[in-house]
Amino acid sequence: MEQTLSIIKPDAVQKNVIGKIVDRFESNGLRIAAMKKIRLSRNDAKEFYAVHKERPFFNDLVDFMVSGPVVVMVLEGLNAVAKNRELMGATNPKEAAAGTIRADFADSIDANAVHGSDSLENAQREVAFFFSTREIC
């Protein structure tokens, strides 16, 4: 079974759609192995998104991710990384397929409701960033 990281971003938390998003994962064969609601510090957001530090949107991304609480989850299942990315839809919600999380709950390419690991290698790193092994059941 693969594990991947999912983050319900501040815009979706503010809209009070956490349960609807979690239901999408569970209804599509992904199990919640760990979950917590947290508020990222600026340093946490900068470290987590360090791969984007040279990109022009980095500071806006950090500002957005610290603007409110987020829900971080470890999703587990067969091909969890790919399944999560399929359920999320395209980064730009205007390009996301109907019925995907971003098509249904995101407002813009910046406020796009969810984050999901893009590879198994990144999933392992991202899960370890937020969760200790004892937190994952």
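Conventions used here
- Residues numbered from 1 in each chain as written.
- Predicted model: local features only at pLDDT ≥ 70, side-chain atom pairs only at ≥ 80, totals over all residues.
- Heavy atoms only, no water.
- UniProt positions renumbered as here; feature names shortened; annotations may be inferred.
- 1 Å grid on protein atoms, 1.4 Å probe; cavity = no way out; pocket = protein on both sides within 12 Å on 5 of 7 lines; lining within 4 Å.
- Points joined across faces, edges and corners; volume = space filled by probe spheres on them.
- Nonpolar A, V, L, I, M, F, W, Y, C, P; charged D, E, K, R; others polar.
- Helix = DSSP H or I, 4+ residues; strand = E, 2+ residues; numbered from the N terminus.
- Buried < 20%, exposed > 50% of the residue type's maximum accessible area, 1.4 Å probe, protein only.
- Contact = heavy atoms within 4.5 Å.
- Polar contact = N/O pair within 3.5 Å; in protein donor to acceptor, adjacent residues only side chain to side chain.
- Phe/Tyr/Trp six-rings, centres within 6.5 Å; stacked < 30°, edge-to-face > 60°.
- Pairing = 2+ DSSP bridges.
- Axes fitted to C-alpha atoms, helices over the stretch in contact; angles between N-to-C directions.

Under the annotation held in an unreviewed UniProt entry, the protein chain carries the name Nucleoside diphosphate kinase and is attributed to Helicobacter winghamensis. As recorded by UniProt, the Subcellular location (unreviewed entry) comment attached to the protein chain reads in full: "Cytoplasm". The UniProt entry for the protein chain carries the following text under Subunit (unreviewed entry): "Homotetramer."

Q: Looking at this structure, how should I read the layout of surface pockets?
A: The gaps left among the atoms become clear once a water-sized probe is rolled over them. There is about 600 Å³ of room inside the largest pocket. Lining the largest pocket are 22 residues, with Y49, H52, F57, L61 and H115 sitting closest to its centre. In terms of residue class, the lining of the largest pocket is made up of seven nonpolar, six polar and nine charged.

Q: Sorry if this is basic, but what is going on with the environment of R102 here?
A: Within the secondary structure, R102 is located in helix α6 (residues 101–105). By relative accessible area, R102 is classed as buried at 5%. A C-alpha to C-alpha distance of 18 Å links R102 and T4, two positions 98 residues apart in sequence. Ignoring any residue separated from it by four or fewer positions in sequence, one finds R102 in contact with M88, G89, A90, T91, P93, A96, N112, V114 and H115. Within the structure, the side chain of R102 is placed 3.1 Å from the backbone oxygen of G89, a separation counted as a polar contact.

Q: Honestly, the packing of aromatic side chains in this entry has me stumped. Any pointers?
A: Aromatic rings in a pair are described by how distant their centres are and how their planes are angled relative to each other. Scanning the model with the defined rule gives four aromatic pairs in all. Seen in terms of ring centroids, F48 and Y49 are 4.9 Å apart; in terms of plane orientation they differ by 90°. Their pairing is edge-to-face. Look at F48 and you get buried, because its relative accessible area is 3%. Judged by its relative accessible area of 4%, Y49 is buried. Geometrically, the ring pair formed by F48 and F130 is tilted, given 5.1 Å between the ring centres and 55° between the ring planes.

Q: How should I be thinking about the sheet that holds strand β2 (residues 31–38) in this particular structure?
A: With respect to topology, four strands assemble into an open sheet ordered β2-β3-β1-β4, the strand pairing being antiparallel. Of all strands in the sheet, those with a lone pairing partner are β2 and β4 (114–116), marking the two edges. For this sheet the average axis-to-axis angle between neighbouring strands, irrespective of direction, equals 20°. Examined bridge by bridge, β2 and strand β3 (residues 70–77) share seven bridges and lie antiparallel to one another. When the bridges of β3 are listed, I32 appears paired with L75. Of the strands in this sheet, β1 (2–8), β3 and β4 touch helix α5 (residues 80–88), which is tilted by about 30° from β1.

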